[in-house]
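One-letter residues, chain by chain:
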Amino acid sequence: MRPFDHKLSTVFLVSMVYPLGPAALILMPMLVGGVIDDFGFIAQQAGYVASLEGRGLVLASLAAALWVRKVSWLKVLAGALIATALLNVLSANLNEFMPLLVVRFLTGFSGGVIFALTVAALGDNRHPDRAFGIAQVVQGAMMFFAFAGAPYVLERWTVSGLFYMLAAAASLMLLALARY
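Note that the structure is predicted; figures quoted are calculated from it, not measured.

J.: Help me understand the layout of surface pockets, please; the structure alone is not making it clear to me.
T.: Left-over empty space is what a probe sized like a water molecule reveals as it rolls over the atoms. Of the pockets and cavities examined, the second largest pocket occupies roughly 250 Å³. Lining the second largest pocket we find 13 residues, and of these Met142, Met143, Ala146, Met165 and Ala169 sit closest to its centre. Sort the elements by how many residues they give to the lining of the second largest pocket and helix H7 (residues 128–173) lands first, with 9 residues.

J.: Would you mind going over unusual backbone geometry with me for this structure?
T.: When glycine is set aside, most residues are seen to have a negative phi, and most peptide bonds are trans. Within the chain, Thr158 stands out as a residue other than glycine whose phi angle is a positive 65°. Within the fold, Thr158 resides in helix H7.

J.: How should I be thinking about the side chain of Glu53 in this particular structure?
T.: Inspection of the secondary structure assignment puts Glu53 in helix H4 (residues 43–67). Apart from residues lying up to four places away in sequence, Glu53 is in contact with Ala24, Leu25, Met28, Arg104, Phe105, Thr107 and Gly108.

J.: Just checking my understanding: could you explain the packing of helix H3 (residues 28–39) against H4 for this structure?
T.: Working note: a packed helix pair is described by the angle between its axes plus the distance between those axes. Close contact between H3 and H4 brings their axes to 9 Å; oriented N to C, the two are set at 140°. As summarised for this structure, H3 and H4 are arranged oblique, according to the angle between their axes. In this structure, H3 meets H4 at a crossing whose hand is right-handed. Contacts between H3 and H4 pair Met28, Val32, Val35 and Ile36 from the former with Ala43, Ala46, Ala50 and Glu53 from the latter.

J.: What is the right way to read the nonpolar core from this model?
T.: The nonpolar side chains of soluble globular proteins are, as a tendency, buried together. If you look at the biggest cluster of nonpolar residues, it comprises 29 residues, and the most contacted ones within it are Val17, Leu77, Leu81 and Ile114. The set of elements that each furnish at least two residues to this core consists of helix H1 (8–17), helix H5 (73–92), helix H6 (97–123) and H7. Formed by 27 residues, the second largest nonpolar core is a distinct cluster that contains Phe41, Val49, Val103 and Val153.

Rules of the game
- Residues numbered from 1 in each chain as written.
- Predicted model: local features only at pLDDT ≥ 70, side-chain atom pairs only at ≥ 80, totals over all residues.
- Heavy atoms only, no water.
- 1 Å grid on protein atoms, 1.4 Å probe; cavity = no way out; pocket = protein on both sides within 12 Å on 5 of 7 lines; lining within 4 Å.
- Points joined across faces, edges and corners; volume = space filled by probe spheres on them.
- Helix = DSSP H or I, 4+ residues; strand = E, 2+ residues; numbered from the N terminus.
- Contact = heavy atoms within 4.5 Å.
- Axes fitted to C-alpha atoms, helices over the stretch in contact; angles between N-to-C directions.
- Parallel < 35°, antiparallel > 145°, perpendicular 65-115°, else oblique.
- Left-handed = near helix turned anticlockwise from the far one by under 90°.
- Core = buried A, V, L, I, M, F, W, Y, C linked by side-chain atoms within 4.5 Å.
- Buried < 20%, exposed > 50% of the residue type's maximum accessible area, 1.4 Å probe, protein only.

Printed below as a string of structure tokens:
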């Protein structure tokens with residue numbers, strides 16, 4: 001196991017992965033609209049999908065308190081990023097309520113694992129206030145671009161395009177593991 005690296009470059013690396021955990025929840029207004037418009041869900045069904053995804057994230061974040069100091073962060077993060085990518089691809093190809101509900105809960109859970117690990121890494125930094133500040137700036141910038149691009153993605157590729165966009169982001173974050 002490598003010692004914790006407190007360099008600024010490591011803070012930026014962790015900060016790049018940090019927004020991925022809650023990204024779908026942040027984009028949820030567009031995802032909810034998309035599953036209503038493109039998949040034909042009623043508002044109540046779309047609300048259940050959003051709610052269960054949020055519950056998955058919270059449940060994983062709470063459960064992380066039991067394991068975060070006992071496992072290899074690199075292995076868990078790799079598994080969570082792969083799961084997030086695959087579950088978003090699966091979501092893009094589902095248009096039935098119950099299967100999408102289950103898959104989005106699992107996606108929220110994998111996002112919660114990513115979020116918990118990045119929060120732990122930021123908190124372990126010698127300067128946690130600075131680390132969290134940088135992470136918030138990075139998250140704000142990334143979500144700005146995601147929100148700015150989402151209407152175009154929805155118009156051109158429907159809500160499935162947003163799920164593919166989230167899958168691509170998770171896949172790209174796998175490249176960061178070599179430096180984690």
